[in-house]
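Chain and residue survey
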Amino acid sequence: NHFAHFYIKNETLYLNALNNLSKAYLYTGDKKYGKAGAILIDRLADIYPTYDLREYLPRFANINGGSIAGKAVGKIWECYVAEYLANAYDAFWPMFEDPEVIEYLNEKAVYYGMENDKSTAVKIRQNIEDGICREIFRGVLDMQIQGNFGLHQMSVANAAVALDHKKDTGEMVDWLYTASVAGVGYNTGGDIERKLVETVYRDGMNWESPYYNELGISDFIDVGINLNRYKEAGGEFDRISILEHPKSLQMINSFQLMTLIRRGVKPMGDSSADGYVTVLAKVKGI
């Protein structure tokens, strides 16, 4: 896991490779990027369900909120690992029908005696959907993937949209809107509606320092953007759009009220180093 921490955590080797390959493939359409990325995400799907940080703690400390939970990394950072993996599967979707990709993955699966021989695009996608998308949801339910408000909700939304399976995606979207119940040993719901009404203040801020508020707001709004795009593309769910909630607009605009002389936000709480001023208004997709 010491290896996994440095080579799977976002901004490092494996996820950085997936991110760069997916962008290169989407921007250029060049199959050389798509083939490499498709093979890499399939291999990660083979091993991602086996990751469990608990057996390595406390020797290898991680960002886990004081718990012993996590998969490749601590449960908070794991939210971003999950995001990268789900988005990569979505990006490389057409490449699983490429004959060279199928031939390569089939040869490896047969050589290593895997239960899924990966002889068709359907079988390869099944491997990734089980090992990545459904595994992300299982990890969130088991609290191995859990961050600040907005983070694990973002992980589930990305996995649900990438999966695009009527029954399972519907279950995951329903979970996002379901209220959570404390003290039961697993994550009962994404708690979106209750949090918006009861916890987010009228000015759009929630209960943390400015930096962590921005983090949660950005990922929470990302949930709404992903679900809206999914619905626009023909996906079915009957929930109210997160972005239509009046508190959501207040969340997006909240940092304007805190920006001083057009320079940035004062580093209150654990927002940043003492005396450091930064702009906090970076919302993904806006």
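Parameters at a glance
- Residues numbered from 1 in each chain as written.
- Predicted model: local features only at pLDDT ≥ 70, side-chain atom pairs only at ≥ 80, totals over all residues.
- Heavy atoms only, no water.
- Salt bridge = Lys/Arg side-chain N within 4 Å of Asp/Glu carboxyl O.
- Helix = DSSP H or I, 4+ residues; strand = E, 2+ residues; numbered from the N terminus.
- Buried < 20%, exposed > 50% of the residue type's maximum accessible area, 1.4 Å probe, protein only.
- 1 Å grid on protein atoms, 1.4 Å probe; cavity = no way out; pocket = protein on both sides within 12 Å on 5 of 7 lines; lining within 4 Å.
- Points joined across faces, edges and corners; volume = space filled by probe spheres on them.
- Nonpolar A, V, L, I, M, F, W, Y, C, P; charged D, E, K, R; others polar.
- Patch = residues over 30% accessible without salt bridge, like charges linked within 9 Å, V, L, I, M, F, W, Y side chains within 5 Å.
- Areas by Shrake-Rupley, 256 points an atom, 1.4 Å probe, with all protein chains shown as cover.
- Expected span 1.5 Å × (residues − 1).
- Arc of directions from axis to C-beta.
- Contact = heavy atoms within 4.5 Å.
- Polar contact = N/O pair within 3.5 Å; in protein donor to acceptor, adjacent residues only side chain to side chain.

**With respect to the pattern of salt bridges**
Per the stated rule, a full pass over the model turns up 14 salt bridges. Between Lys71 and Glu135 there is a salt bridge; the shortest N-O distance is 2.8 Å. Placement of the pair is Lys71 in the loop between α3 (31–47) and α4 (78–91) and Glu135 in helix α6 (residues 121–141), with a sequence separation of 64 residues. In this structure Glu135 comes out as buried when scored by relative accessible area, which is 7%. Residue Arg138 is joined to Glu135 by a salt bridge in which the shortest nitrogen-to-oxygen separation is 2.7 Å. Of this pair, Arg138 and Glu135 both sit in helix α6, three residues apart, which is roughly one turn of the helix. What emerges from the salt-bridge pattern is a single network uniting Asp42, Arg43, Asp46 and Lys118.

**Concerning the layout of surface pockets**
Considering only enclosed or pocket space, the second largest pocket measures out at about 300 Å³ in volume. Residue lining of the second largest pocket: 23 residues in total, with Gln146, His152, Ser180, Asn187 and Lys195 positioned closest to the centre. For the lining of the second largest pocket, the elements supplying multiple residues, two or more each, are α7 (151–163) and α9 (192–198). Looking at the lining of the second largest pocket residue by residue, the classes come out as seven nonpolar, 12 polar and four charged.

**A look at a nonpolar patch on the surface**
Nonpolar side chains collect at one region of the surface, where Val181, Val184 and Tyr186 lie side by side and expose about 280 Å² of accessible area between them. Mapped onto the fold, Val181 is located in the loop between α8 (166–177) and α9.

**Some details on α3**
The terminal C-alpha atoms of α3, which comprises 17 residues, lie 25 Å apart, in line with the 24 Å expected from a rise of 1.5 Å per residue. Residues of α3 that are buried include every one of Gly34, Gly37, Ala38, Ile41, Asp42, Leu44 and Ala45, and no others. On an axial view of α3, the arc spanned by its buried residues comes to 160°, and they lie on one face. Here the buried face of α3 lies against α2 (13–28), α4, α5 (99–111) and α6. Here α3 starts with a cap whose side-chain oxygen sits 3.0 Å from the backbone nitrogen of Lys32, and that cap is Asp30.

In short, geometric facts, not functional conclusions.
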